[in-house]
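Notes for the structure review
What follows is the residue order along each chain.
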Amino acid sequence: MLGKRDPQRNLFATDTLIGEEALAKMGFHGILAHEGHRLFRDEDFAAIYSEVTGRPSTPPSVLALATLLQYFDKV
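The rules we used
Residues numbered from 1 in each chain as written. Predicted model: local features only at pLDDT ≥ 70, side-chain atom pairs only at ≥ 80, totals over all residues. Heavy atoms only, no water. Salt bridge = Lys/Arg side-chain N within 4 Å of Asp/Glu carboxyl O. Helix = DSSP H or I, 4+ residues; strand = E, 2+ residues; numbered from the N terminus. Buried < 20%, exposed > 50% of the residue type's maximum accessible area, 1.4 Å probe, protein only. Phe/Tyr/Trp six-rings, centres within 6.5 Å; stacked < 30°, edge-to-face > 60°. Contact = heavy atoms within 4.5 Å. Expected span 1.5 Å × (residues − 1). Arc of directions from axis to C-beta.

Counted under the stated rule, the structure contains three salt bridges. Its salt-bridge partner being Arg38, residue Glu35 comes within 2.8 Å of it at the nearest N-O pair. With Glu35 and Arg38 both in helix H3 (residues 28-39) and three residues apart, this pair spans about one turn of that helix. Judged by its relative accessible area of 57%, Arg38 falls in the exposed class. Residue Arg41 is joined to Asp44 by a salt bridge in which the shortest nitrogen-to-oxygen separation is 2.8 Å. Exposure remark for Arg41: the relative accessible area of 42% places this residue in the partly exposed category. Note on Asp44: relative accessible area 45%, which makes it partly exposed. Put simply, Arg41, Glu43 and Asp44 are held in one network by salt bridges that share partners.

And the structure:
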């Protein structure tokens, strides 16, 4: 089943904790922290997940961001 990220921004969101100015200074990582939810949406990956079997997955939007960060940081 497709796990979904909660669309509601919370008090502990990165831009709330450190501020948008600090994110702007972080370059690529700051852009992903601020705009990552717009780049990758869980609905974009719905076709590869079953709607009826299994337990909810880790949200694929989170996995896509993690994969992009791994590639960028060469890990």
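With phi around 55 degrees, Lys74 is a residue other than glycine that occupies positive phi space. Mapping Lys74 onto the fold places it in the segment after helix H4 (60-72).

A complete count under the given rule lists one aromatic pair for this structure. Measuring from centroid to centroid gives 4.0 Å for Phe28 and Phe72, while their planes differ by 25 degrees, and the two rings are stacked. You can see Phe28 sitting in helix H3 and its partner Phe72 sitting in helix H4, a full 44 residues away along the chain. Judged by relative accessible area, Phe28 falls into the partly exposed class, the value being 28%. Classification of Phe72 by relative accessible area gives partly exposed; the value is 42%.

Structurally, Ser61 is set in helix H4. Relative accessible area serves as the criterion here: at 1%, Ser61 is assigned to the buried category. Those residues in contact with Ser61 that sit more than four places away from it in its chain are Arg5, Phe40, Arg41, Asp42 and Phe45.

The subject of this paragraph is H4. A rise of 1.5 Å per residue sets the reference length of H4, with its 13 residues, at 18 Å; its end C-alpha atoms lie 18 Å apart and thus fit the reference within 8%. For H4, the set of buried residues is Pro60, Ser61, Ala64 and Leu65. Here the buried residues of H4 occupy an arc of 145 degrees about the axis, which is enough to place them on one side. Packed against the buried residues of H4 are H3. Looking one or two residues beyond H4, the residue adopting positive phi is Lys74, at roughly 55 degrees.

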